[in-house]
Amino acid sequence: MHVTVQKHRPGALRWACLLLGTLAAACSGEDPAPLDGSIASAFDVARYDLRGEFDWERSRLVATLGITLSLTGDGPRSVVLDSAVAEVKDVRLKGGGALPHAVDPERDALAIDLSSVPEAAAGEPIAIEIDYEALSGDALRAVPARLGDPVAVRAVYTVSEPLGASRWMPCHNAPSDRAVFSVAMRVDGGEALIANGDLASDEDLGAAGRLLRYETAYPLPTYLMAFAIGDFEVEHGAAGDLPLAVWRRRGLPGDHGKLLDEIARAIGRFEELLVPYPFEKYALVLLPDFSVGGIEHAGISFQREERSTQPALASDLLLTTHELAHQWFGDLVTVETWDDLWIKEGMATLLEQEAVRAYTDESGAGTLNGDELGVHPGDAVRDVSLAPGEKYTSGPYGRAAWLLTQIRSLTGEEAFWSALRGVLEARRFGTIGTDDFLDAFAPALGPEATARARRAVAARALPSLAVEPAPAGGAFVTLRDPDGALVAPLELAWVAADGATRAQTLAPGERVEVAPRHPSELLVVDPQDRHPEWAFLGAERDLEAYAAAVAPLRVPSDPGGVERFLDVGGAHQLAALQAGLPEGLAPEQFAPFVEALDADAARAVAIAAACDAACAPGLGAEVRDAWAGVLAGVLAEAPYSYGLDYVDSYAACGAVVSPEALFADDWAALETGLASGGVSDARLQFLSKFRLSPDRALSAWGQVALASRSVRARVLAIRHLTAYLDGLDPADRPAWRALFARVLRETDVADVLGAALRAALASAAPTAAGNEEALAALTRVLRSPAARSAHPAAVCAAFALTAGDDRAFARFAAGVEGADLTDVTLSLLRSPAACG
């Protein structure tokens, strides 16, 4: 670990010299120009040893940090640590006397004077101890047992990326600096600690609980150091000799065994492509009220409970495989600076798809998942203008993975993965920056493609496709790439009836006719699937023209084309079926057609397309009845849960199949509230794709919103009910408003509150008087400290529900006077127009 010398800055120098007594000549208040040099020496930190406990009554971490470091520079014998903790009580040599120190809260810094320490001059290790307290907040999350939480178990945990570590531990907060980490925490009886490294000791303290200590055998940057405390249940598994575990709050429902199986399979896939898994264990820790989807740490990942319990769903599994992939890129090899964030996030986004090929590429077509990448215009892969916490756009994620996918398509599989293995082996427990990372691919790419890749790193604009329908069929398409985001070309392939293939390339700036030479030709857009070409249709006019003139060419237009379609790979089947089923596909052909597809998402989308086909205008009664029988059989099996995230709705199925009759047992179970379970969250996701009558929906899903043992299910139920509001009879709205107000009265769970707030606004009456029940519930929310993360949104919701009645809002604000509110919430109460 190496800390860069902090060069002289007048403000920093002034507080350091005044409080530390160093560089005293600078303390006169005159122009500091004569003070040539730095206020602190460069230093290496060898280890952090944290010991403490969390005080739930005061919501504070009370701790002592041991930090071992050596001065490496020639500057003053002092160091400046990043520190945003609430209170530094004492700084001393380990086993020795106090050290002069100063805190600058404006700069979140702690300066320590080491001029009296003999080891400082010799560059020898110095062991320092810091007694401090850290408040809970965004970086140290403390979630009590909350009202309305079906799992009434508290938990406290760290959230450090990118710069949060200094809010719970004084440190040097740079991704390029690594040190050994140990953490020892006293926990209450029945609670446990999970952290990086091995469990080094477990001391029984009798009535005081236990003292648990973990320690790493390898150095880490501070953003990868982490711990969590709670009453956890643990499910164990293994990937060969590697211990695996899923930690979750006691009683949290989910398919944790299946999750372990998927993690083991993903590790096997990553080891095939990269190098052996680098740490002593892999533990997935599911946590409540998590502000993001997941955060990786060496040997452990923290993920949001509500998005991590159902590996049968694509969203859950991809989140899990993304965080797991960081064990190689991010943890084993760390980025040099936060400007290089794209390396670890782009690689994890690319790798997450490799882990799920069993569901997306059953035929082994080897397509490159470009359609799965989320990209947005304006987001550069590497944006040096953004502060670390602002860099988490689509740039370092989807756009970086797209860049890497283009590089992969040009180098070929062996050269691509060989280059990555070389990076991991050469930089093991080290760092890498943008230039060096791109250089790893240069021998296989060649100079021209390497130059294009370097240009693409800074590109902001996306390529665009201008589409003009052609009079004779097909379209004229013009590709533009103003910022040079394309490294590899965008190609098309046409598959003839005899299997012969012809290729077209959309060269930037050229107007290309995209049309079949024979009606039976099948179009495959971007055969390698290396581009998210759907994102290139940014203009509504071009999107509509593409849907009308190009997308239908991707679907077989005759029965003979179906066999060719089944050979193009799951990615292309999925893209094509969003335009509908192959022309002329008969009901009796549907089930074998679906089974022959190569991706679960394509199968799920095919069912939605079949429902559309079954209720097409002019369809004969006999054919409609045949479709009804086929769809009833397919839907009764609740198939292809991995693909549900790709389907907006199966509501069209209700025209030929009665979901109330088909799933009668499910609706009866929902009407009990599912307080004891009985219907999995994955099954509920499937059921939510159907529409019931409003009365039946309210009676079934309303009970789930109030009573389910799963927070995830409650949120899903509220969101599903909200979708009914636009078409609801105004006379029925009061009952729906009453339900949403009741939810607000009965929960402090942030995710449930968020869904209920949106539902209350969507169902709002036109006057404050009509929203009195919801306003009273929001008063309770604001008086609950456990609901603090939802307080700003609650104030803004109340402002909207008072419907411009200033007196009503004033009464609401008076009703929460004296509540324990943050400055942000108080500011909104005083100036609610700031809600926007």
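Residues numbered from 1 in each chain as written. Predicted model: local features only at pLDDT ≥ 70, side-chain atom pairs only at ≥ 80, totals over all residues. Heavy atoms only, no water.

Undergrad: Quick one: what's the story with the overall build of the chain, residue by residue and with numbers?
TA: Regarding its fold elements, the chain presents 28 helices and 27 strands. When the backbone C-alpha atoms are referred to their principal axes, the chain occupies close to 95 × 70 × 55 Å. Expressed as a percentage of the 836 residues in the chain, the buried residues total 56%. Residue pairs in contact within the chain that sit at least 24 positions apart in sequence constitute 71% of those at least 6 positions apart. For the chain, the accessible area works out to roughly 32,000 Å², and carbon and sulfur atoms hold 51% of it. Charge separation in the chain, taken as the distance between the mean sites of 71 positive and 116 negative side-chain charges, equals 3 Å. (Helix = DSSP H or I, 4+ residues; strand = E, 2+ residues; numbered from the N terminus. Buried < 20%, exposed > 50% of the residue type's maximum accessible area, 1.4 Å probe, protein only. Contact = heavy atoms within 4.5 Å. Areas by Shrake-Rupley, 256 points an atom, 1.4 Å probe, with all protein chains shown as cover. Lys, Arg positive; Asp, Glu negative; His and termini not counted. Charge placed at Lys NZ, Arg CZ, Asp CG, Glu CD.)

Undergrad: Tell me about the pairing of strand β10 (residues 180–187), and name the residues and values.
TA: Counting buried residues in β10 gives seven out of eight residues, a clear majority hidden from the surface. Note that strand β1 (residues 43–55) and β10 share seven bridges and pair parallel. When the sheet's bridge partners are listed, Gly52 is paired in β10 with Met185. (Pairing = 2+ DSSP bridges.)

Undergrad: So what's going on with the nonpolar core? Which residues, and what values?
TA: Membership of the largest hydrophobic core comes to 152 residues, with the highest contact counts inside it found for Leu114, Trp168, Phe227 and Phe437. Cys611, Leu687, Leu739 and Phe812 belong to the second-largest nonpolar core, a separate cluster that totals 105 residues. (Core = buried A, V, L, I, M, F, W, Y, C linked by side-chain atoms within 4.5 Å.)

Undergrad: Lay out the packing of aromatic side chains with the relevant residues and their values.
TA: The description of an aromatic ring pair rests on the distance of the ring centres and on the angle between the ring planes. Under the criterion given, the structure shown has 34 aromatic pairs. Aromatic side chains Tyr277 and Phe279 sit 6.1 Å apart centroid to centroid with 80 degrees between the ring planes, which places their arrangement in the edge-to-face category. According to the relative accessible area criterion, Tyr277 is buried, its value standing at 9%. For Phe279, a relative accessible area of 6% translates into the label buried. Through a chain of ring-to-ring contacts, the aromatic side chains of Tyr218, Phe270, Tyr277, Phe279, Tyr282, Trp328 and Phe429 assemble into a single cluster. The ring of Phe476 is capped by Arg511, whose NZ or CZ atom sits 4.0 Å from the centre of that ring. (Phe/Tyr/Trp six-rings, centres within 6.5 Å; stacked < 30°, edge-to-face > 60°. Lys NZ or Arg CZ within 6 Å of the ring centre and 35° of its normal.)

Undergrad: Provide a residue-level description of the pattern of salt bridges, including the pertinent values.
TA: Following the criterion strictly, the structure yields 60 salt bridges and no others. With a shortest N-O distance of 3.4 Å, Glu491 and Arg530 are connected by a salt bridge. Taken as a pair, Glu491 in strand β24 (residues 490–495) and Arg530 in the loop between β27 (522–525) and α12 (540–549) lie far apart in primary sequence, 39 residues in all. Assessed through its relative accessible area of 27%, Glu491 is described here as partly exposed. Arg530 sits in the buried class, given a relative accessible area of 4%. In this structure, the salt-bridge partner of Arg554 is Glu533, at a minimum N-O distance of 3.8 Å. Note that Arg554 is positioned in the loop between α12 and α13 (561–565) and Glu533 in the loop between β27 and α12, a separation of 21 residues in sequence. Take Arg554 and Glu533: they sit in the same class, and that class is buried. Each of Arg269, Glu272, Glu354, Arg357, Asp361, Arg408 and Glu413 takes part in one network of salt bridges that share partners. (Salt bridge = Lys/Arg side-chain N within 4 Å of Asp/Glu carboxyl O.)

Undergrad: Pulling in residues and values, what's your account of the layout of surface pockets?
TA: One number sums up the size of the second largest pocket: a volume of about 460 Å³. In terms of lining residues, the second largest pocket is bounded by 22 residues, among which Gln685, Arg712, Val715, Leu716 and Arg719 are the most central. Residue assignment for the lining of the second largest pocket shows that the elements contributing at least two residues are α4 (314–325) and α22 (711–722). Per-element tally for the lining of the second largest pocket: the top contributor is α22, with five residues. (1 Å grid on protein atoms, 1.4 Å probe; cavity = no way out; pocket = protein on both sides within 12 Å on 5 of 7 lines; lining within 4 Å. Points joined across faces, edges and corners; volume = space filled by probe spheres on them.)

Undergrad: I'd like a description of the sheet that holds strand β16 (residues 242–249), backed by residues and values.
TA: Ordered by their spatial adjacency, five strands build an open sheet running β15-β16-β17-β19-β18, and the pairing between neighbours is mixed. With partners counted over all chains shown, the strands left at the sheet margins are β15 (232–239) and β18 (294–297), one partner each. Across the sheet, the axes of successive neighbouring strands diverge by a mean angle of 15 degrees, strand direction being ignored. Pairing of β18 with strand β19 (residues 300–304) involves four bridges; the strand directions are antiparallel. (Axes fitted to C-alpha atoms, helices over the stretch in contact; angles between N-to-C directions.)

Undergrad: Describe the sheet that holds β10, listing the residues and the values that go with them.
TA: In spatial order, the strands read β4-β7-β2-β1-β10-β13-β12; together these seven strands make up an open sheet with mixed pairing. Each end of this open sheet is capped by a strand with a single partner; those strands are β4 (87–93) and β12 (198–204). Geometrically, the sheet is characterised by an average inter-axis angle of 15 degrees between neighbouring strands, direction not taken into account.

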